[in-house]
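Structure at a glance
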Amino acid sequence: MSDSHRVLTAHWHDPSVIPLAGYEAAGGYRALRTALGMSADELIQVVKDSGLRGRGGAGFPTGMKWSFVPRDSGKPTFVTVNFDESEPGTCNNRELVEREPHALIEGSAIAARAIDCHLAFIYVRGEYLWQGQVLQRALDEAYATGYLGRGIMGGDYDLDIVLHRGAGAYICGEETALLSSLEGFRGQPRLRPPFPAVEGLYESPTVINNVETLMNVPHIVNNGADWFKSIGTEKAPGTKVFTISGKVERPGNYELPMGTPMRELLEEHAGGVLGGRALKAWTPGGSSTPFLTADHLDVGLDFESVMDAGSLLGTGAIMVLDETDCMVEAARRLVEFYAHESCGKCTPCREGTWWASRVLGRIESGYGHEDDLPVMADMGENILFRAFCALADGAVSPIQSTLQHFMDEYEAHIREGRCPVTGTGPGREAGGDRPAEDDRPAGDVTFAATGPFEIQGAPS
Amino acid sequence: MTVFEGERLDEARAIIARYPHGRQRSAVMPLLYLAQSVEGWVTRDALREIAGLIGVRTAEVEAVATFYTMLRPRPTGTHLIAVCTNLSCALLGGNELLEAAHEASGVPIGGEVSDDGEFSVHEEECLGVCELAPVIQVNVANHDRVTPERVREIVGSLRSGEVPQPARGPAVESFKAASRILAGLEPLAEEGATA
């Protein structure tokens with residue numbers, strides 16, 4: 001990896017920065033001291049000027065988010081750190097915290113200072129059991145050193161940070177679902193407005209930021225907005241810690257300037273496609289972002305460039321599939337994920353993801369119908385933008401993008417009754433008939449021309 | 001059976017005190033984890049007692065307990081083996097690991113616990129260690145780049161009373177012990193100060 005643009009990962013080779021003393025020796029907590037000497041307006045302004053945008057998927061300008069918090073609500077304000085990293089393919093937050101936990105505490109404390117918050121929460125996904133312990137140990141050290149608690153760093157500013165563990169629900173990464181969960185309810189999203197900045201945790205003004213976003217903040221305070229803007233692209237300054245996984249030689253988390261072409265990440269850093277095979281498809285930002293193909297290798301990995309190419313930067317989680325992978329299977333597995341993780345609140349999501357996963361499963365296993373393809377396209381259109389939150393939209397990404405780029409693979413599954421890539425499936429009779437209905441897998445779905453869906457093998 | 005009494009009740013009160021006054025409902029998840037650490041799963045008694053502790057109805061606690069997959073409203077094995085089969089792991093053999101875990105542990109596919117009560121197997125969505133796929137967790141501790149052979153070895157070790165060292169952090173001896181960590185009651189030792 002070229003070291004010139006390593007900001008958040010500059011100390012990843014050095015385990016001495018994990019304990020507080022080592023983090024301080026490397027310059028840690030200097031930014032918090034500076035921030036305590038600045039006004040809230042000054043802090044918000046420098047983050048606004050830096051152009052920092054949220055790294056959790058949406059890319060919303062961080063300073064602007066902070067500025068939406070009203071000063072005169074008469075209520076307490078809260079910072080809530082979203083460490084519920086659960087987007088399939090994404091693991092940069094995990095490694096950032098494992099290798100430099102105090103950087104998250106420092107960034108969170110500065111954010112708290114900017115909105116005059118005295119109680120912050122870090123919501124960590126339950127599966128990050130050890131990472132939560134690492135973070136709690138760092139919090140305990142920060143309290144013991146006077147960097148958290150009453151009168152931090154000897155001044156008059158009080159701040160507590162409480163770690164809260166999730167329990168295995170992807171939806172809690174959605175900010176309003178996260179708040180519901182933290183308040184002790186099922187993790188279901190809320191209708192916006194009101195936005196969390198006005199009415200969030202405990203009906204009070206709340207800022208919710210991603211781990212990587214907050215870890216950028218101390219560097220911005222230390223080095224200034226102009227320094228930050230000198231990295232990355234004009235509209236997306238800074239670096240991004242990309243996770244690349246799947247069929248590559250050297251999967252891992254790589255910090256590169258925003259806008260770095262996918263080709264450079266794949267070939268120079270990740271060592272190319274596993275076994276020298278041909279690239280077939282990749283997600284730019286996790287399972288919620290439409291697949292791109294080998295035709296998109298020169299796309300720059302920043303919000304605007306990826307969007308221009310027809311997808312989304314999301315969390316910067318690149319999952320790579322090669323020529324031996326079946327795209328129908330990939331789409332089915334990802335849609336199954338959304339069906340499993342749908343919180344059940346909105347009908348298009350709860351029902352649509354389930355039905356879509358069944359139809360994809362039928363095509364994958366060689367029992368697809370000719371009219372399944374328009375049905376899939378229709379389902380996508382009827383799920384997209386019709387639910388409270390973006391989870392349902394995420395489910396549509398693998399459906400629509402595989403139909404767009406890999407229609408021939410769908411058609412071959414249906415025509416041949418088997419997967420054209422792996423060869424699995426019953427195959428068609430010589431006469432071209434579909435495989436016998438009786439051989440269909442249990443739970444397959446039948447669409448009648450009129451009337452309701454039937455499920456084979458379901459109790460009536 | 002009373003779940004929260006003596007030391008457990010003190011711990012429950014300390015958990016509630018993490019949250020602002022009047023917001024004790026926020027403690028429901030760590031309290032459910034604490035109950036799970038005592039009984040190995042979330043029992044009806046636990047639901048009722050937690051409702052009493054935070055001043056809500058039992059049904060409201062149950063609504064939370066049944067929403068989250070890491071809270072188990074059914075009897076669970078001494079050890080929980082979680083296998084990721086989401087895309088990055090599936091591309092590199094995650095489905096074979098799930099098969100191996102079921103086969104080696106004796107937990108039937110679709111079943112909850114092995115006959116001897118030692119194991120539960122759970123098919124997981126993304127565990128957030130995609131760069132080291134395929135991965136599993138044993139009592140919520142990570143094992144990276146796992147093979148079906150390694151799954152069988154791990155199950156064998158657990159059967160003989162040894163919990164294998166995970167890829168990062170200390171070994172977690174049981175699902176109950178994991179639940180106690182998740183309730184925020186087990187700080188890491190200083191010695192573990194390196195990754």
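All values reported here derive from a predicted model rather than from experimental measurement. (Residues numbered from 1 in each chain as written. Chains lettered and ligands numbered in written order. Predicted model: local features only at pLDDT ≥ 70, side-chain atom pairs only at ≥ 80, totals over all residues. Heavy atoms only, no water.)

**Structural notes on unusual backbone geometry**
What counts here: Under the scheme used here, helices are H or I runs from DSSP no shorter than 4 residues and strands are E runs no shorter than 2 residues, and both carry numbers assigned from the N terminus. Relative accessibility thresholds used throughout: buried, under 20% of the residue-type maximum; exposed, over 50%; partly exposed, between the two (1.4 Å probe, protein chains only).
Here the bond from Arg192 of chain A into Pro193 of chain A is cis, since omega is -5 degrees, no more than 30 degrees from zero. Counting through the fold element by element, Pro193 of chain A comes out in the loop between helix 8 (175-182) and strand 4 (206-210). With omega at 0 degrees, the peptide bond leading from Ala133 of chain B into Pro134 of chain B counts as cis. For Asp116 of chain A, which is not glycine, the phi torsion reads 55 degrees and is therefore positive. Structurally, Asp116 of chain A is set in the loop between helix 6 (101-114) and strand 2 (119-124). A relative accessible area of 49% places Asp116 of chain A in the partly exposed class. At Met153 of chain A, a position not held by glycine, the phi torsion is positive, near 55 degrees. Of note, Met153 of chain A is situated in the loop between helix 7 (129-145) and strand 3 (160-165). Since its relative accessible area comes to 17%, Met153 of chain A is described here as buried.

**So, the sheet that holds strand 5 (residues 239-246) of chain A**
Residues and elements named next belong to chain A. The line we're drawing: Strands qualify as paired when DSSP identifies two bridges or more between them.
If you trace the five strands from one edge of the open sheet to the other, you get 6-5-9-7-8, paired in mixed fashion. Of all strands in the sheet, those bounded by a partner on one side alone are strand 6 (252-257) and strand 8 (292-293). Where strand 7 (residues 279-283) meets strand 9 (residues 317-322), four bridges bridge the pair, whose relative direction is antiparallel. Pairing of Leu279 across the sheet is with Asp322, part of strand 9.

**What about the environment of Ser179 of chain B?**
Residue and element names in this part refer to chain B. Under the convention used in this document: In what follows, residue pairs with any heavy atoms lying within 4.5 Å of each other are defined as contacts. As used in this structure description, the phrase polar contact means that two N or O atoms lie within 3.5 Å; if the pair is within protein, one of them must be able to donate a hydrogen and the other to accept it, and residues adjacent in sequence are counted only when both atoms belong to side chains.
Position of Ser179 among the secondary structure elements: in helix 8 (residues 175-182). Looking at Ser179, the relative accessible area reads 0%, which means it is buried. The spacing of Ser179 and Pro30 is 149 residues in sequence and 8.8 Å in space, taken between C-alpha atoms. The residues contacting Ser179, other than those within four sequence positions of it, are Tyr33, Gln36 and Ser37. A distance of 3.1 Å separates the side chain of Ser179 from the side chain of Gln36, its partner in a polar contact.

**As for the interface of chain B and chain A**
Put simply, the rule reads: A quick way to say it: buried area is the sum, across both parts, of accessible area lost when two parts are put together, with a 1.4 Å probe. A pair is scored as a salt bridge if a Lys or Arg side-chain nitrogen falls within 4 Å of a carboxyl oxygen belonging to Asp or Glu.
Tallying the contact residues gives 53 residues for chain B and 65 residues for chain A. Roughly 4800 Å² is buried in total at the junction of chain B and chain A, and carbon and sulfur atoms are behind 60% of that figure. Three residues stand out in chain B for area buried against chain A, namely Phe67, Leu87 and Glu131 of chain B, and they jointly supply 14% of the buried area on that side. One can count four salt bridges joining chain B with chain A.

**Side note on helix 2 (residues 28-39) of chain B**
All names here are of chain B. So the rule is basically this: Here a helix's expected span is defined as the number of its residues, less one, multiplied by 1.5 Å.
The end-to-end C-alpha distance of helix 2, which contains twelve residues, comes to 16 Å, matching closely the 16 Å that a straight helix rising 1.5 Å per residue would cover. By the criterion of burial, helix 2 is predominantly enclosed, with ten of the twelve residues buried. Within helix 2, burial applies to Val28, Met29, Pro30, Leu31, Leu32, Tyr33, Leu34, Ala35, Gln36 and Ser37. Within two residues after helix 2, Gly40 carries a phi angle of roughly 85 degrees, on the positive side.

**Notes on a nonpolar patch on the surface**
As a reminder of what qualifies: Residues enter patches when their relative accessible area tops 30% and they take part in no salt bridge; the joining distance is 9 Å for like charges and 5 Å for the nonpolar side chains Val, Leu, Ile, Met, Phe, Trp and Tyr. Values of accessible area rely on a 1.4 Å probe in the Shrake-Rupley scheme; residue burial ignores everything except the protein chains shown.
Among the surface-exposed residues, Phe60, Met64 and Phe68 of chain A lie close enough to one another that they form a single nonpolar patch of about 270 Å² accessible area. Taking relative accessible area as the criterion, Met64 of chain A reaches 36% and is therefore assigned partly exposed.

**Here we look at the pattern of salt bridges**
Counted by the stated rule, this structure contains 41 salt bridges over all chains. Residues Glu11 of chain B and Arg180 of chain B are paired through a salt bridge, measuring 2.8 Å at the closest nitrogen-oxygen approach. Linking Glu11 of chain B in helix 1 (residues 7-16) with Arg180 of chain B in helix 8, this pair joins segments that are 169 residues apart in sequence. On the accessibility criterion, Glu11 of chain B (11% relative accessible area) is buried. Put simply, Arg152 of chain B and Glu149 of chain B hold a salt bridge, and the shortest N to O gap is 3.7 Å. Of this pair, Arg152 of chain B and Glu149 of chain B both sit in helix 7 (residues 148-159), three residues apart, which is roughly one turn of that helix. Several salt bridges share partner residues, and in doing so they unite Arg94 and Glu98 of chain A together with Glu131, Asp144 and Arg168 of chain B into one network.

**Here's the deal with the side chain of His413 of chain A**
Residues and elements named next belong to chain A. Tracing the chain through its elements places His413 in helix 17 (residues 407-416). His413 gets classed as buried once you look at its relative accessible area, which sits at 0%. A polar side-chain atom of His413 sits 2.7 Å from the main-chain carbonyl oxygen of Glu409. Dropping the residues within four chain positions of it, His413 is found in contact with Cys326, Val328, Ile363, Glu364, Gly366, Arg418, Cys419 and Pro420.

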